[in-house]
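The chain contents come next:
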Amino acid sequence: MKTIRVETENATILLTEVPEPKVRDRQTGEIAKDAVSGEALMKIGVVYIDEGESSLLHVTVPESGVSEGLTLGAPVSLPGLIARPWESVFNGQQRHGIAFRAAAVAPGAVPAGVGA
């Protein structure tokens, strides 16, 4: 399925949930792994603010891409942020959504001109 690059240059992105392992199977507690590298995956929560609109997003990042010094409520950067539409059938019901993934999460800054 096609991925869509998400523009972050002029957006404000604030950390709302600290990184934690992404669980692949809730029954067994198995941690999700990257299909190519086999590296463990982490999930974070952020609020993405751009042009006066905000959205709460859950973003998956590889464990090695999680930087030290992340603080709840503080700005972060998400290099390589992409969105990937998905759909599946669960318990006989069609479900769909958008999955977000970034190469890393690091402390960031509020873009110049925001709030000015």
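Scroll up to find the structure.
Structure report, in brief. (Residues numbered from 1 in each chain as written. Predicted model: local features only at pLDDT ≥ 70, side-chain atom pairs only at ≥ 80, totals over all residues. Heavy atoms only, no water.)

**Points about the overall build of the chain**
Summing up its helical and strand segments, the chain has zero helices and ten strands in all. The order of α-helices and β-strands along the chain, N terminus first, is β-β-β-β-β-β-β-β-β-β. For the chain, the spread of C-alpha atoms along the three principal axes comes to 50 × 30 × 20 Å. Residue burial in the chain is summarised as follows: out of 116 residues, 28% are buried. Looking at the chain alone, contacts between residues at least 24 apart form 60% of all its contacts between residues at least 6 apart. (Helix = DSSP H or I, 4+ residues; strand = E, 2+ residues; numbered from the N terminus. Buried < 20%, exposed > 50% of the residue type's maximum accessible area, 1.4 Å probe, protein only. Contact = heavy atoms within 4.5 Å.)

**Quick look at the pattern of salt bridges**
Scanning the entire structure with this criterion turns up three salt bridges. Glu20 serves as the salt-bridge partner of Lys43, at 3.7 Å between the closest nitrogen and oxygen. Linking Lys43 in strand E5 (residues 41-50) with Glu20 in strand E2 (residues 12-21), this pair joins segments that are 23 residues apart in sequence. For Glu30, the salt bridge goes to Arg24, with nearest N and O atoms at 3.5 Å. (Salt bridge = Lys/Arg side-chain N within 4 Å of Asp/Glu carboxyl O.)

**Some details on unusual backbone geometry**
Phi is mostly negative for residues that are not glycine, and the peptide bonds are mostly trans. The phi angle at Glu51 is positive, at roughly 50°, despite the residue not being glycine. The residue Glu51 is located in the loop between E5 and strand E6 (53-62) in this model. Under the relative-accessibility criterion, Glu51 is labelled exposed at 76%. Positive phi is not limited to glycine here, since Asn91 has a value of about 55°. The topology assignment puts Asn91 in the loop between strand E8 (82-90) and strand E9 (93-101).

**So, the pairing of E5**
Among the ten residues that make up E5, seven are buried, leaving the element largely enclosed by the rest of the structure. Sheet topology places E2 next to E5; seven bridges connect them, and they run antiparallel. Note on E5: the bridge partner recorded for Leu15 is Val46. Note that E5 and E6 share ten bridges and pair antiparallel. Directly across from Val46, in E6, lies its bridge partner Leu57. Connecting E5 to the next strand, E6, in antiparallel fashion are two residues, including Glu51 with a positive phi near 50°. (Pairing = 2+ DSSP bridges.)

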